[in-house]
Amino acid sequence: MAIFKRNSGSSDGASPHASDPEYGNKEHYTTGTAGEMVVGSDGVVIHQDGSHLHRGLKSRHITMIAIGGAIGTGLIIGTGKALAQSGPGSILIAYTAVGFLVYIVMTALGEMAAWIPHASGFSGYATRFCDPALGFALGWTYWCKYIITTPNQLTASALIIQEWKTADEVNPGVWIAVFLFAICAINYFGIKFFGELEFWLSTIKVIVIVGVILLSFLLAVGAGPGPATGFQYYKNPGAFKPYIGKGSAGKFYGFWSSLINAVFAYLGTELIGVTVGEAQNPRKTIPRAIKLTFYRILFFYCLSVFFLGMLVPYDSKDLAFANKATARASASPFVVAIKIAGIKDLPGLLNACILIFTFSASNSDLYIASRTLYGLAEQGHAPKIFGWTDKRGVPVPALAISALMCCMAFMNASNDSKVVFGYFVNLTTIFGLLSWISLLVSHIFFVRARRAQGITKDQMAYTAPFGLWGSIIALFFCCLIAVTKNFSVFTPGSYGSFDWRNFITGYLGIPIYLILIFGYKFIMKTKMVKPHMADFYTGKDVIDREEEAFIAYEAEKKAANGGKNGSWFYNTFVSWLF
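The structure reproduced in this document is the subject of the present report. (Residues numbered from 1 in each chain as written. Predicted model: local features only at pLDDT ≥ 70, side-chain atom pairs only at ≥ 80, totals over all residues. Heavy atoms only, no water.)

Here the focus is the pattern of salt bridges. This model, assessed by the stated rule, comprises eight salt bridges. As a salt-bridge pair, Glu196 and Arg60 come within 2.9 Å of each other at their nearest N and O atoms. Of this pair, Glu196 sits in helix 8 (residues 191-220) while Arg60 sits in helix 1 (residues 59-70); the two residues are 136 residues apart in sequence, bridging distant segments of the chain. With relative accessibility at 14%, the residue Arg60 sits in the buried group. (Salt bridge = Lys/Arg side-chain N within 4 Å of Asp/Glu carboxyl O. Helix = DSSP H or I, 4+ residues; strand = E, 2+ residues; numbered from the N terminus. Buried < 20%, exposed > 50% of the residue type's maximum accessible area, 1.4 Å probe, protein only.)

Shown next, in the form of structure tokens:
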């Protein structure tokens, strides 16, 4: 365990390196095992041993990354597929119910992250509080998910460009190469640059969604070119659409398919758990961002699907293409609503906004992949080389191998290999849901352990409002959805015969996950962590010192600014929006 000491080279407490031009006016700390660390000019502790991330994400970065993680193509495009399959009533109920499920998952993560916000992410919590085998399986499957998701987002960006430049004019591989180079450069420039860029990209995403919601409201009440729609589409063609069946059974199938669509639309909200190792003052910023998650879900998702059901009938011919795999603006049900209302030119503008969505998603997905691999190396679950960081705290080897794997996006430049890549995407989508399951299991073990060791709620920086039982109930529903996510292959009349390709690619992720868990247990002879033996304190002192240094810096900065703190531009023009 690292022990920190402040070097006071003189009686007045001045740093022994104060006159060293390499360090400037920086205070130095040393650790017994982790080497030297300094407090930079922005109050952030910088480790000098080449194995630590730097806490360069400010509170506003974390807040907006959390918002941006919950807003993506799953909302602005994926809702079209859900509406076409299930009807407006089904998607409203489904997206609201799954939103509540997401909130429970996020609060469970928040309780663990607020206690020990280390760089291993949530796979580290699984290792520490549940079983190293679970941490191993969670980390590697989560990394696999994002090295597939990132190329998929790059491909989506290239498809959007085809709205202006067709594939015959410019090969989509060119755009994929351009976007891949861009996100690699952004991630390589360091966490501060990444955080600032993602902050503004997420700000644009929020403004776009707020604008879409306001426009939808105006169209619904008749303030647009056409008449008020109200709830007419709930009556004709109806609120619930039968799917792969007739009558009540078909309507239930439709609802359940929308529930599954909602789950995969929300996947990515947990990415805030990967940022905890680079967050400034994480015990304050992480719980704050997670508490706001519920309101963001209520506003962005629930309001969006509510108005969408008022504007577009599920049997609209313009919505028929929504079941096809495309990320163009024409696949967005909001574009369909705009066309029905007779508003011109907006679809092109929305297409440009969707391009920002997909680029931001690919950028953050590569970030998650590199930090997940770094966390695996830190736990000893991956080669040590992936745990090395440069002077800016960037895990360069982990970033390099993750970026190299993203070259799979070039498979989509060929029609033959595009089919194979589609199988990869279907295979890895289940890993996102399995990460929620693992998070909930880790939280259940975490709560049992802290109760066994006498750690009270008063000692916690944040506790999940629904506690142990909330995680148990959410775990049940996550497991149920995981098992039934491809229920259509078993349903009579869905494909005419058993669809073995869809079955294999849809469910193969589950046995892979279980093989990783039990294979690791068999080889490494690991055992589940007993509640009274769980490690709540290793590494906590390091984080405590980092937090103390940052709080002291913020207090000095606030006093020097006459009691004001933060960016004037942000506080004046941006923060009130969120």
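This is not the end of the story, as more comes after the structure.
A cluster of nonpolar residues, Phe490, Phe498, Trp500, Phe503, Ile504 and Leu508, forms a patch on the protein surface that exposes about 580 Å² of accessible area. Phe503 gets classed as partly exposed once you look at its relative accessible area, which sits at 31%. (Patch = residues over 30% accessible without salt bridge, like charges linked within 9 Å, V, L, I, M, F, W, Y side chains within 5 Å. Areas by Shrake-Rupley, 256 points an atom, 1.4 Å probe, with all protein chains shown as cover.)

Taken as a whole, this structure holds 27 aromatic pairs when the rule is applied. Relative to Tyr301, the ring of Tyr266 has its centre 4.3 Å away and its plane inclined at 35°; by these criteria the two rings are tilted. On the criterion of sequence distance, the pair formed by Tyr266 in helix 10 (residues 247-266) and Tyr301 in helix 12 (residues 293-311) is long-range, its members being 35 residues apart. Residue class for Tyr266 comes out buried when judged on its relative accessible area of 0%. Here Tyr301 falls in the buried class, since its relative accessible area comes to 1%. Aromatic ring contacts, followed pair by pair, group Trp115, Phe129, Phe446, Phe536 and Tyr537 into a single cluster. Its guanidinium or amino end placed over the ring of Phe522, Lys525 lies 4.6 Å from that ring's centre, counting from NZ or CZ. One Lys or Arg, Lys540, reaches over the ring of Trp115 and ends 4.8 Å from the middle of that ring. (Phe/Tyr/Trp six-rings, centres within 6.5 Å; stacked < 30°, edge-to-face > 60°. Lys NZ or Arg CZ within 6 Å of the ring centre and 35° of its normal.)

In this structure the C-alpha to C-alpha distance between Arg60 and Thr285, which are 225 residues apart in sequence, comes to 8.5 Å. Polar contacts involving the side chain of Arg60 include one to the side chain of Glu196, which spans 2.9 Å. (Polar contact = N/O pair within 3.5 Å; in protein donor to acceptor, adjacent residues only side chain to side chain.)

On the secondary structure map, Ser120 appears in the loop between helix 4 (88-115) and helix 5 (121-129). Given a relative accessible area of 10%, Ser120 falls into the buried group. Here the side chain of Ser120 touches Glu378 through a polar contact of 2.5 Å, side chain to side chain. What Ser120 contacts, discounting residues up to four positions off in sequence, is Gly375, Glu378 and Gln379. (Contact = heavy atoms within 4.5 Å.)

Another aspect to go through is the nonpolar core. In this structure, Tyr95, Tyr125, Tyr266, Ile272, Phe300, Leu350 and Trp436 are the most contacted members of the largest nonpolar core, which totals 150 residues. It is helix 4 that provides the largest number of residues to this core, a total of 15 residues. When near neighbours in sequence (up to four residues on either side) are disregarded, Tyr125 contacts Leu109, Met112, Ala113, Ile116, Pro117, His118, Cys130, Val276 and Ser442. (Core = buried A, V, L, I, M, F, W, Y, C linked by side-chain atoms within 4.5 Å.)

So, on to unusual backbone geometry. Note that the residue after Asn236, namely Pro237, is joined by a cis bond; omega there is 15°. Tracing the sequence through the fold places Pro237 in helix 9 (residues 232-238). Backbone geometry places Ile244, a non-glycine residue, at a positive phi of 45°. Looking at the secondary structure, you find Ile244 in the loop between helix 9 and helix 10. In this structure, Lys525 takes a positive phi of about 55° despite not being glycine. By secondary structure assignment, the location of Lys525 is in the loop between helix 19 (509-524) and helix 20 (540-560). Judged by its relative accessible area of 59%, Lys525 is exposed.

Given 3.6 residues per turn, any residue in an α-helix points the same way as the ones three and four places further on. In terms of burial, helix 3 (residues 78-86) is a largely internal element, seven of the nine residues being buried. Looking at helix 3, one finds that the buried residues are Thr79, Gly80, Ala82, Leu83, Ala84, Gln85 and Ser86. One or two positions beyond helix 3, positive phi appears at Gly87, with a value near 95°.

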